[in-house]
Amino acid sequence: MADTSSETSRRTALHALHVEQGAKLVPFAGYDMPVQFSAGVKEEHLWTRTQAGLFDVSHMGPCFLTLASGIRHGAGAHEEIAALIETLVPSDIKGLKPGQARLTVLLNETGGILDDLIITRPYEEDRQGELYIVVNGAMKDQDWGIFETALAGKAVLTRADDGVLFALQGPKAEIVLGAHFPECTGLKFMESRRMVLDGETFVVSRCGYTGEDGFEVLGSAAAGTALVRLLLNDPCVRPIGLGARDSLRLEAGLCLYGSDLAPDISPVEAGLAWVIQKRRRETGGFPGVSRILRELKDGPARKRVGIQPLERAPAREGTEVYVDGAPVGLVTSGGFGPSVDAPVAMGYVAAAQAAPGTKIDLMVRGKARPAEVAPLPFIPARYKR
Amino acid sequence: MTTYYTKDHEWIRVDGDTGMVGITAYAAGQLGDVVYVELPETGAKFARGDDFAVVESVKAASDVYAPVSGAVLEVNSVLTEAPEKVSEAAESEAWFVRVKLADTGELTELMDEAAYAAFCKGL
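Residues numbered from 1 in each chain as written. Chains lettered and ligands numbered in written order. Predicted model: local features only at pLDDT ≥ 70, side-chain atom pairs only at ≥ 80, totals over all residues.

Enquirer: Whenever I open this one, the sheet that holds strand E7 (residues 61-65) of chain B confuses me. Can you help?
Expert: To summarise the sheet geometry, strands pair through backbone hydrogen bonds and adopt either a parallel or an antiparallel arrangement. All names here are of chain B. The antiparallel open sheet is built from 3 strands, whose spatial order is E4-E6-E7. With partners counted over all chains shown, the strands left at the sheet margins are strand E4 (34-38) and E7, one partner each. Between one strand axis and the next, the sheet turns through 25° on average, direction left out of account. (Pairing = 2+ DSSP bridges. Helix = DSSP H or I, 4+ residues; strand = E, 2+ residues; numbered from the N terminus. Axes fitted to C-alpha atoms, helices over the stretch in contact; angles between N-to-C directions.)

Structure follows, in structure tokens:
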């Protein structure tokens, strides 16, 4: 888990609001974060799937990377900043359209995943020498260190984790946020714009971590808190904790860094080969390129798969996977899926056992429990394409 | 019949040398939505403090400890089909097992209702 307990937990700008809302707070990624509110994990999960859930993700690592030359205008500026970040990630960043965002992975020299992150090319003409990047909270010090070291003298990193970053997710997210930002309804999945409300600028992106339609919004501490308070006044909106965030993303088949992704796992093994676009496969130039190209050609030895326990017992992270009495893999995320109304899990198994429908056994408390390899996601994604 | 409580939030309702065992409403509230209960086999023997059952909530799996030493006479099969009963009726319908006590003397080590209420208040 990307869960680092600390006696000196930081607080997000929304901390006082969480306390007001009856949050149960736990240490997570160095912050005191709400794990649940009074409704409980299951109800918060189901609320997000039917209404709109508001998540404080201010513990994450939003930042801006800009050309050290200060050049901000024109497609050439974008190409230049994209070429810099492409030395660290395998995705086609040059090919992003203005206002387009893309999931990618930060790689080590052996093609293992150091973090997963979202990189956005700003829409605005005067920000073309800039990238908006959001990394995981528990990994931000590592990632930002890598950016600063690798790109020293060429790009400048500006941390933006002193404000408010929140996600509004669920079928009512568009109508709720659209009441304040009419332009947000025009965004498609993985598109982003700067929008102004009462003189305050926010970065609004149509993305999320639940499998639902929704938005992530970055603003200053004061303006962000005021907006969150405004949104919570809407009867469709409830605050949602990390507990439901985890069960929502698990049902949606989305990876959690530190559990499903780690420095020894390649994007091909993780089922994230799709983040490596055609041009990058042809031209390479990213860390661990030889392993990754080999795995793309020959197939990886192990693969991330969905796992459907066939009995009611959930299989948690660390549960061993067996086929015919032989170990073939490990559960990396598992629990109960309130929308599926059954236990759900994902993990890594040997490539030969990775086909959906493959019968496997999960060793839960020393007893083999029947399960099968299942397609991901467990619930259909409802992104607005 | 008298009900006794442990610091680990189990209860035992004793009638002679048998007792019904479950987890307290306080514990159920802390666990959140219960989605699975793993119970022992009838006839299984436990020493006081042994883990004899597991409760899984949406959040996590938690062990349940035997409040006294004894043998399982009966398990509550209702919980297999309807684990959510633990969240709704922890101290009545959602009992886990009926046990035969090995040593009723162990009960003196447990809390009565008033002592347990005070214990929870201090948490």
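There is more to say, and it comes next.
Enquirer: So what exactly am I meant to see when it comes to the sheet that holds strand E4 (residues 61-67) of chain A here?
Expert: Residue and element names in this part refer to chain A. The 5 strands lie next to each other as E5-E6-E7-E4-E8, forming an open sheet whose pairing is antiparallel. The two strands at the open ends of the sheet, each matched to only one other strand, are strand E5 (101-107) and strand E8 (155-159). When the angles between neighbouring strand axes are averaged without regard to direction, this sheet yields 30°. Across the sheet, helix H3 (residues 75-85) lies against E4, strand E6 (113-120), strand E7 (130-135) and E8, angled at about 120° from E4, the strand it touches most. (Contact = placed C-beta atoms within 7 Å.)

Enquirer: Is there a simple way to think about the nonpolar core in this case?
Expert: Among soluble globular proteins, nonpolar side chains are generally buried collectively. Of all hydrophobic cores here, the largest spans 131 residues; its most connected members are Ile85, Ile133, Phe166, Leu168 and Ile307 of chain A together with Val86 of chain B. Residues contacting phenylalanine 166 of chain A, with those up to four places away along its chain left out, are Leu54, Phe55, Asp56, Val57, Val217, Gly224 and Val228 of chain A. (Core = buried A, V, L, I, M, F, W, Y, C linked by C-beta atoms within 7 Å. Buried ≥ 20, exposed ≤ 12 C-beta atoms within 10 Å, placed from the backbone.)

Enquirer: Help me understand the interface of chain B and chain A, please; the structure alone is not making it clear to me.
Expert: In many analyses, interface size is given as the accessible surface area lost on bringing the parts together. Each side of the interface is counted separately: chain B has 10 residues, and chain A has 14 residues. Of all the elements in the fold, those that place two or more residues in the side of chain B that touches chain A are E4 and strand E6 (51-57) of chain B. In terms of residue count, E4 of chain B provides more of the side of chain B that touches chain A than any other element does, 3 residues in total. For the side of chain B that touches chain A, the class distribution of residues is 5 nonpolar, 1 polar and 4 charged. (Nonpolar A, V, L, I, M, F, W, Y, C, P; charged D, E, K, R; others polar.)

Enquirer: It is not clear to me how unusual backbone geometry should be interpreted in this structure. Could you clarify?
Expert: Glycine aside, the phi torsion of most residues is negative, and most peptide linkages are trans. Residues and elements named next belong to chain A. In this chain, leucine 376 is followed by proline 377 through a cis amide linkage whose omega measures -5°. Of note, methionine 190 is a non-glycine position whose phi angle comes to about 65°, a positive value. Note on placement: methionine 190 falls in the loop between helix H5 (173-178) and strand E10 (192-197). What makes methionine 190 partly exposed here is the crowd of 19 C-beta atoms within 10 Å. Of note, the phi angle at aspartate 198 is positive, near 50°, even though the residue is not glycine.

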